[in-house]
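Architecture and fold: a report
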Amino acid sequence: RARRNSRSLVGWRYPKVTGVLPVALEDATKIVQAFLLVLVTNRLSQGALLRLGYFLQGLGLFLTPYAPVFGILFVFSGLYSVGTGLANPTINSAASILAPPDRQGELFGLLQGARSIGFLLGPILGGILFDWHPEAPYALAGVIALLAAFIAPTVLQPQPEPALN
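In short, a report on the structure. (Residues numbered from 1 in each chain as written. Predicted model: local features only at pLDDT ≥ 70, side-chain atom pairs only at ≥ 80, totals over all residues. Heavy atoms only, no water.)

1. Considering the nonpolar core
Keep this limit in mind: Remark: nonpolar core denotes a set of buried residues (Ala, Val, Leu, Ile, Met, Phe, Trp, Tyr, Cys) joined through side-chain atoms within 4.5 Å. The cut-offs for exposure are 20% and 50% of the maximum accessible area for each residue type, with area from a 1.4 Å probe on protein chains only; residues under the lower value are buried, those over the upper are exposed, and the others partly exposed. The secondary structure listing takes helices from DSSP runs of H or I that are at least 4 residues long and strands from runs of E that are at least 2 residues long, numbered from the N terminus. Two residues form a contact once any of their heavy atoms are found within 4.5 Å.
Leu 50, Tyr 54, Ala 87, Ile 91, Ala 94, Ala 95, Leu 111, Ala 148, Ala 149, Ala 152 and Leu 156 form the largest nonpolar core, which has 11 residues in total. Secondary-structure elements contributing two or more residues to this core are α2 (46-63), α3 (70-98) and α5 (136-151). When residues in this core are grouped by element, the largest group, 4 residues, is from α3. Apart from residues lying up to four places away in sequence, Ala 149 is in contact with Arg 51, Tyr 54 and Phe 55.

Structure follows, in structure tokens:
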């Protein structure tokens, strides 16, 4: 007799054939983002937005495999989603402010290329890590995002003008 349910990484049971969960989580986190982002984006500096965004991403990623029930998984997914909503537009905004006008297109291309490489290599590395241990991809991604929370805002510091010789 075939089992209809299987245990997930997070400890709760779900039907094997469902594709509804990822879609429901994505739609719900977009709703959460829409309300929360409006509240904080106009009140914080770019450095604070980056710090908060990457911190929430890292926390959400790191905690995801430890969610004991769906409701908690929803909260962790919401943390990640709101963090992404704070960090990504802030990076683009900072790039437009920091780059000279004649190099903004170059910088935006570089940012988009880096994201594309991440979308290609991330799942490959995540799959390798998952085979090693199911919690490993979440832990590594969470730690990287938490490190970014402390490193990325330093990029927004004014850089000294190069001396002319």
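2. Re the packing of aromatic side chains
Applicable threshold: A pair of aromatic rings is counted whenever rings of Phe, Tyr or Trp (Trp by its six-membered ring) have centres within 6.5 Å, and the orientation is called stacked for planes under 30 degrees apart, edge-to-face for over 60 and tilted otherwise.
Counted according to the given criterion, the structure contains 1 aromatic pair. Where Phe 62 meets Tyr 66, the ring centres are 6.4 Å apart and the plane angle is 50 degrees; that geometry is what we call tilted. Its relative accessible area of 33% is what places Phe 62 among the partly exposed residues.

3. Details of α2
Here is the rule: Expected helix span is given by 1.5 Å per residue-to-residue step, counting one fewer step than there are residues.
In a regular helix each residue adds 1.5 Å, so 18 residues correspond to 26 Å; α2 covers 26 Å between its end C-alpha atoms and thus fits that length. Residues of α2 that are buried: Gly 47, Leu 49, Leu 50, Gly 53, Tyr 54, Leu 56, Gln 57, Gly 58, Gly 60 and Leu 61.

4. Looking at the layout of surface pockets
Here is the rule we go by: Definitions used throughout: a 1 Å grid over protein atoms alone; a cavity as a set of points that fits a 1.4 Å probe which cannot get out; a pocket as an open set with protein on both sides within 12 Å along at least five of seven lines; a lining residue as one with an atom within 4 Å of a point. Grid points are joined across faces, edges and corners, and a volume is the space filled by probe spheres set on the points. Think of it as three bins: nonpolar holds Ala, Val, Leu, Ile, Met, Phe, Trp, Tyr, Cys and Pro, charged holds Asp, Glu, Lys and Arg, and polar takes everything else, Gly as well.
Approximately 220 Å³ is the volume found for the second largest pocket. Lining the second largest pocket are Leu 50, Ile 91, Ala 94, Ala 95, Leu 98, Leu 107, Leu 110, Leu 111, Ala 114, Ala 152, Val 155 and Leu 156. Looking at the lining of the second largest pocket, the elements that each hand over two or more residues are α3 and α4 (104-132). Within the lining of the second largest pocket, the residues separate by chemical class into 12 nonpolar, no polar and no charged.

Function cannot be read off these values alone, since they describe shape.
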